[in-house]
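# Fold and contact review
Residue-level listing of the chains:
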Amino acid sequence: RCQLFVGGASAAGARSILHFDQYDNLFVQISGWKRFRVYDPQQTRCLYPFPIHHPLDTRAQVDLEAPDLAAFPRLSEAVCSEVLLGPGQALFLPAYWWHEVVTEPHDGLTVSANFWFAAVYRLLTPTRPLVPSMQCELARQLEYLV
């Protein structure tokens, strides 16, 4: 599955709020700039995900632009990696890795492409001990049962 994002100068500041995908994602920046904040799945408890049956169940309740540490105190413990992706660069985001994406100011078009790949093989042949992404999926599956 793939998706193309195209935006003009007015797209500066456009933001995909903190979320994870259930697929591996190869993100390719064609023109313009995107800033990523990335958290590994072990940070999940610090990011306050919505409950599994909520319509936003793959998104975090926290707002990284205006953090409310009184409501979400563990956010201060979360370890974040920031990546600035420019023309011709690519970023691989494994399934279940949390990320927020912001379009940086740019005079021309900002063009990006996503390529998603199913992580089914890892689900069917998990390693032991479970890697963080599989721990996240197992927790989600158990929550389905509750």
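Before going into details, it helps to say that this report is about the structure given with it. Throughout, residues of each chain are indexed from 1 in the direction in which the sequence is written. Reporting in this predicted model follows two pLDDT cut-offs: at least 70 for local features of residues, and 80 or more for side-chain atom pairs to be given and counted; totals over whole chains, interfaces and linings ignore these cut-offs and use all residues. Processing note: side-chain calculations cover all non-hydrogen atoms of the structure and skip hydrogens and water entirely.

## Comments concerning the environment of Gly88
The test is simple: Numbering goes from the N terminus for both helices and strands, where a helix is a DSSP run of H or I of at least four residues and a strand is a run of E of at least two. Contact definition: two residues touch when any of their heavy atoms are within 4.5 Å.
Structurally, Gly88 can be placed in the loop between β5 (81-85) and β6 (90-93). Separated by 81 residues in sequence, Gly88 and Gly7 have C-alpha atoms that sit 17 Å apart. Discounting chain neighbours no more than four positions away, the residues touching Gly88 are Gln29 and Ile30.

## Some details on the sheet that holds β5
Our working rule: In this scheme, strands are said to pair when DSSP sees at least two bridges between them. Angles shown run from 0 to 180 degrees and are taken between the N-to-C directions of axes, each axis being a line fitted to C-alpha atoms and, for helices, limited to the stretch in contact.
Spatial ordering of the open sheet is given by β2-β7-β4-β5, a layout of 4 strands whose pairing is antiparallel. In this open sheet, the two edge strands, each paired with only one partner strand, are β2 (15-19) and β5. Adjacent strand axes in the sheet meet at a mean angle of 15 degrees when their direction is disregarded.

## Focus: the pairing of β6
Put simply, the test is: Relative accessible area decides the class of each residue, using a 1.4 Å probe on protein chains only: under 20% of the type maximum gives buried, over 50% gives exposed, and in between gives partly exposed.
Burial along β6 is one-sided: the residues Leu91 and Leu93 are buried and none of Ala90 and Phe92 is. The sheet contact formed by strand β3 (residues 23-31) and β6 spans 4 bridges and is antiparallel. Its bridge partner being in β6, Phe27 is matched across the sheet by Leu91.

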